2 protein chains.
Amino acid sequence: MPPHETSPPAPPLRRLDAADVLATLRALRQRQPVAYAAFYSSQLGGIVTDPALMVLPFDDHMVHRGHGVFDTAGLVDGRIYDLEAHLDRFVASAERSKLRVHGTRQHLRDVIVGTAAASGVHNGAIRYWLSSGPGSFELSPAAGAEPGFFVVVFGGLSYPERWYTDGLRVMTTSYPIKPPLYAITKATNYLPNVLMQMEAREHGFDNGVFVDPDGNVGEGSNMNVAFVTDDGVLRHPTFDHVLAGCTSLRLLELARALVGTVLTGVEVCPIPVAQARQAREMFLIGSSVKVAPVVAWDATTIGDGHPGPVARALRELLEDDMRQGDRLIPVPY
Amino acid sequence: MPPHETSPPAPPLRRLDAADVLATLRALRQRQPVAYAAFYSSQLGGIVTDPALMVLPFDDHMVHRGHGVFDTAGLVDGRIYDLEAHLDRFVASAERSKLRVHGTRQHLRDVIVGTAAASGVHNGAIRYWLSSGPGSFELSPAAGAEPGFFVVVFGGLSYPERWYTDGLRVMTTSYPIKPPLYAITKATNYLPNVLMQMEAREHGFDNGVFVDPDGNVGEGSNMNVAFVTDDGVLRHPTFDHVLAGCTSLRLLELARALVGTVLTGVEVCPIPVAQARQAREMFLIGSSVKVAPVVAWDATTIGDGHPGPVARALRELLEDDMRQGDRLIPVPY
């Protein structure tokens, strides 16, 4: 229809009341079942366990403007791993995003722990968000907007076992990396991350890698990337243009125990792509993927094309730390 | 508390059922009243007019990943202005964002018109979104995810009258402009836009302006920027690094009628900031702000510091087009 013609009268749309809304939300969850154990919302003032009730107002500025930040934590054998480091980053992301933090940090922690307790989940994932709240469709937060704090606990993301046994294949994404300020902020503006993952899968790869405008390695879709050089140095990109992964930061500490055996050193520095492709090992690092070996990057075979010893050793160090380290908070179920 | 100490037991959090959720959503709207006339949601399967029911599932990927796009249209005297141009951009944004469009374009148009009819609003704003849908907390759309289509009709945004009578003051934002691909896509990843507006207001300005890495003028927070040079040429930045504003595109056509009177020409070209500051007139352009004269930019006074004749003439042309042009769709209330 040419732009200047008028449209025929629209068909009448169904008017819904509260009972209809509830019924359709329940029907949606029946068509597409989900397994979220618990959802806390400061807007709702408590916890729901029925996924149909895990909702937020459409006009929350996190929904329509991306004015929200988030972070994660892992639940391992009924304890929360490394929550303080994640909360540090969460609060820093909120500050950079001009978001008012909902309550004190102690309150945030208590709600996260309380939601984990209510979930009954002993091994899984915790994710939490801060939003600037509802009240308008403008850009800046609405007058009187109450910032939202949300926590979800679910069974966790699982990656294919072959990622660890055979290694995975990544591609350099065609999507531009975010400007550094946005890349270091864990805001919900993840469209570039979504697109790079979808693109990689469309091309038959497992995931993507961002490269920065200077030709240095950036990060993965929601994971960091690191390398072992031919002379045995663990090399990680600097954190001024990629997200400071809590798992990466912790691993860079733990990896010092490997210097003298499988490593000769640990370095955080800019990594030109051409240099990175010569690596003996390459891996993705993240709180849910842990340490996953990369054996192919675009047309380049990494090392001998098989998972290497450093990836395995780092994963073991991390798993030990997640089970018996000093960064665990017990959940009072 | 040092990171390695364990948290005290969290206080019990309230467990909510469906009645509690509804009651708290209603209480939220009482504490912070809003005036949205109608909300359509494909997930709900119809229209609600009670703002407490204007919700979406928290796990919709538009909420937590920013995997959504949107667009707008104005309601003027019971008719929708320039909807086809906005729908063209909406569909293009969806394609760039790898979002599946919910139904045919005719269906989208019918739902927008139908929601406007149900709203009863004759003068206001329509905004609509496409999301990749709920079903997981991953990056890529969940298996079986049904894309969401949402429409809101509300009374419209109003800008201070002094913006038109006295002109407004803008500042060059310290926030980086989005990479071109993201800037030309109207996705919900608007954190940079939010931050630049908040920053400008914190510094006592009315709004901000992005400058690109080459030192050329970009765009405003959610408006385009244009200039009149000292020799009377209307100059607008190219659309390869800023959003192609439907209002700008239309005005660039309408402005040809002014060549020979208040204008000597119309040009779309890169505009270096230093050159732009010498402009005789500067204005912000958008579907809700229309044409608003800028009289000060950082410490630079634009022209003689008063709204100029081209801003006024363009605004009149636009208002005529919005009331009696050939791009109007009547709403069957």
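In every chain, residue numbers begin from 1 and rise along the written sequence. Chain letters and ligand numbers both follow the written order, the letters beginning at A and the numbers at 1. Under the rules for a predicted model, residues below a pLDDT of 70 receive no local features and side-chain atom pairs below 80 are neither given nor counted, while totals for whole chains, interfaces and linings still include all residues. Side-chain descriptors were evaluated using all non-hydrogen atoms of the structure, hydrogens and water having been removed beforehand.

Points about the domain arrangement of chain A
Residue and element names in this part refer to chain A. One can read the domain layout of chain A as domain 1 (18-154) and domain 2 (162-324). Boundaries of every domain are those given by an automatic assignment or by a domain database. On a C-alpha basis, the centres of domain 1 and domain 2 stand 28 Å from each other. Listed as interface residues are 19 residues of domain 1 and, on the opposing side, 18 residues of domain 2. When two parts are put together, the accessible area they lose, computed with a 1.4 Å probe and summed over both, is reported as buried area. Contact between domain 1 and domain 2 buries roughly 1,600 Å² in total, counting both sides, with carbon and sulfur atoms accounting for 56%. Per-residue buried area on domain 1 facing domain 2 is highest for Phe 70, Tyr 81 and Arg 89; these three make up 40% of the total on that side. Salt bridge, as used here, is a side-chain nitrogen of Lys or Arg placed within 4 Å of a carboxyl oxygen of Asp or Glu. Between Arg 323 and Asp 77 there is a salt bridge, with the nearest N and O atoms lying 2.9 Å from each other. In protein, a polar contact requires one atom able to donate a hydrogen and another able to accept it; more generally it is a pair of N or O atoms within 3.5 Å, and residues adjacent in sequence count only if both atoms are side-chain atoms. For the interface between domain 1 and domain 2, the tally reads 10 residue pairs in polar contact (both at pLDDT 80 or more). Whether two residues are in contact is decided by their heavy atoms: any pair within 4.5 Å suffices.

Side note on the nonpolar core
The biggest cluster of nonpolar side chains holds 79 residues, and the ones touching the most others in it are Phe 58, Val 217, Phe 227, Met 282 and Trp 297 of chain A together with Phe 58 of chain B. With sequence-adjacent residues up to four places away left out, Phe 227 of chain A is seen in contact with Val 217, Val 233, Leu 234, Arg 235, Ile 271, Ala 276, Ala 279, Glu 281, Met 282 and Trp 297 of chain A. Within this scheme, the nonpolar core is defined by two criteria: the residues are buried Ala, Val, Leu, Ile, Met, Phe, Trp, Tyr or Cys, and they are joined through side-chain atoms within 4.5 Å. Only protein chains enter the accessibility calculation, which uses a 1.4 Å probe. A residue is then buried if its area is under 20% of the maximum for its type, exposed if over 50%, and partly exposed in between.

Topic: the environment of Ala 94 of chain B
In this fold, Ala 94 of chain B is placed in helix H3 (residues 83-96). Excluding residues that lie within four positions of it along the chain, Ala 94 of chain B makes contacts with Val 69, Leu 99, Val 101 and Leu 130 of chain B. Secondary structure elements follow DSSP: runs of H or I no shorter than four residues count as helices, runs of E no shorter than two count as strands, and numbering proceeds from the N terminus.

Section: the packing of helix H8 (residues 246-254) of chain B against helix H10 (residues 309-324) of chain B
Residue and element names in this part refer to chain B. Structural elements are reduced to axes, namely lines fitted to C-alpha atoms, with helices fitted over the stretch in contact, and the angle between N-to-C directions of any two is expressed from 0 to 180 degrees. Interaxial distance between H8 and H10 falls to 10 Å at its minimum, and their mutual angle equals 105°. In terms of their interaxial angle, H8 and H10 are classed as roughly perpendicular. Contacts from Thr 247, Arg 250, Leu 251 and Leu 254 of H8 reach H10 at Leu 314, Leu 317, Leu 318 and Asp 321. Any residue outside Ala, Val, Leu, Ile, Met, Phe, Trp, Tyr, Cys, Pro, Asp, Glu, Lys and Arg is labelled polar, Gly included; the first ten of those are nonpolar and the last four are charged. Looking at the contact of H8 with H10 residue by residue, the class counts come to five nonpolar, one polar and two charged. By definition in this entry, angles of less than 35 degrees are roughly parallel, angles greater than 145 are roughly antiparallel, angles of 65 to 115 are roughly perpendicular, and the rest are oblique.

Things to note about the pattern of salt bridges
All chains considered together, the criterion is met by 40 salt bridges over all chains. For the salt bridge of Lys 98 of chain B with Glu 202 of chain A, the shortest nitrogen-to-oxygen distance reads 2.8 Å. With one member in each of two chains, Lys 98 of chain B in the loop between H3 and helix H4 (105-119) and Glu 202 of chain A in helix H7 (residues 191-202) form a pair that bridges those chains. By sharing partners, the salt bridges in this structure join Asp 82, Arg 250, Glu 253, Asp 321, Asp 326 and Arg 327 of chain A into a single network.

Observations regarding unusual backbone geometry
The phi torsion of most residues other than glycine is negative, and most of the peptide bonds are trans. Residues and elements named next belong to chain B. Positive phi values are uncommon outside glycine, yet Lys 290 reaches one of about 60°. Residue position: Lys 290 is located in strand E15 (residues 290-297). With phi around 55°, Asp 298 is a residue other than glycine that occupies positive phi space. Since its relative accessible area comes to 24%, Asp 298 is described here as partly exposed.

What about the relation of the copies chain A and chain B?
Comparison of the two chain copies shows a relationship of rotation about an axis with a shift along it. With an RMSD of 0.0 Å, the operation that places chain A on chain B is a rotation of 180° combined with a shift of 0.0 Å along the axis. On the angle and the small slide along the axis, the relation comes out as a two-fold axis. Looking at the interface residues of chain A, 100% of them are also at the interface in chain B, so both copies use one shared face. For the least-squares superposition of copies, only C-alpha atoms count, and only for residues with pLDDT at least 70 in both.

Some points on the sheet that holds strand E4 (residues 68-76) of chain A
Across a sheet, strands are paired by hydrogen bonds formed along the backbone, either parallel or antiparallel in direction. Residues and elements named next belong to chain A. The pairing criterion for strands is at least two bridges between them, as found by DSSP. Reading across from one edge, E2-E1-E7-E6-E4-E5-E17 is the order of the seven strands in this open sheet, with antiparallel pairing throughout. The sheet is open, and its two borders are formed by strand E2 (46-48) and strand E17 (328-330), each paired with just one other strand. Neighbour to neighbour, the strand axes of the sheet diverge by 25° on average, direction disregarded. The sheet contact formed by E4 and strand E6 (residues 124-131) spans eight bridges and is antiparallel. In the strand pairing of E6, Ala 73 is matched with Ile 126. Across the sheet, helix H3 (residues 83-96) touches E4, strand E5 (79-81), E6, strand E7 (148-154) and E17, and the angle it forms with E4 is around 175°.

Description of the interface of chain A and chain B
The partner chain B presents 108 residues to the 108 residues of chain A that form the contact. Across the chain A to chain B interface the summed buried area is about 9,300 Å²; carbon plus sulfur atoms make up 64%. For the pair chain A and chain B, the interface holds six salt bridges. With a closest N to O distance of 2.8 Å, Asp 59 of chain B and Arg 29 of chain A form a salt bridge. The element that contributes the greatest number of residues to the side of chain A that touches chain B is H7 of chain A, accounting for 10 residues. Classifying every residue of the side of chain A that touches chain B gives 62 nonpolar, 26 polar and 20 charged. Two strands pair when backbone bridges link them, and strand E3 (residues 55-57) of chain A and strand E3 (residues 55-57) of chain B are joined in this way by three bridges, in the antiparallel orientation.

Focus: empty space enclosed by the protein
Lining residues are defined by having an atom within 4 Å of a point belonging to a cavity or pocket. Those points lie on a 1 Å grid over the protein atoms alone, cavities being sets where a 1.4 Å probe fits but cannot get out and pockets being open sets with protein on both sides within 12 Å along at least five of seven lines. Grid points are joined across faces, edges and corners, and a volume is the space filled by probe spheres set on the points. Going through the model one piece at a time under the given rule, you end up with six cavities of 30 Å³ or more. Considered as a void within the structure, the largest cavity measures approximately 230 Å³ in volume. Together, 16 residues line the largest cavity, and Asn 189 and Pro 192 of chain A together with Lys 178, Asn 189 and Pro 192 of chain B are the ones closest to its centre. Mapped by element, the contributors of at least two residues to the lining of the largest cavity are H7 of chain A together with helix H7 (191-202) of chain B. Class assignment for the residues of the lining of the largest cavity results in 10 nonpolar, four polar and two charged. Quantified by volume, the second largest cavity comes out at close to 70 Å³. Lining the second largest cavity are Leu 157, Tyr 159, Trp 163, Gln 197, Arg 201, Asn 207, Asn 222 and Met 223 of chain A together with Glu 138 and Leu 139 of chain B. Along the lines of polarity and charge, the residues of the lining of the second largest cavity split into five nonpolar, three polar and two charged.

A look at the sheet that holds strand E6 (residues 124-131) of chain B
All names here are of chain B. Reading across the sheet, the seven strands line up as E2-E1-E7-E6-E4-E5-E17 and stay open at both edges, with antiparallel pairing between neighbours. With partners counted over all chains shown, the strands left at the sheet margins are strand E2 (46-48) and strand E17 (328-330), one partner each. On average, each strand axis in the sheet is tilted by 25° relative to the strand beside it, whichever way the strands run. Across three bridges, strand E4 (residues 68-76) lies against strand E5 (residues 79-81) in antiparallel orientation. Following the sheet pairing, Gly 74 is matched in E5 by Tyr 81.

Digging into the environment of Gly 265 of chain B
All names here are of chain B. Of note, Gly 265 is situated in strand E13 (residues 265-268). Sequence spacing of Gly 265 and Val 228 is 37 residues, and the spatial spacing of their C-alpha atoms is 9.4 Å. In this structure Gly 265 touches Gly 232, Val 233, Leu 234 and Val 259, once residues within four positions along its chain are discounted.

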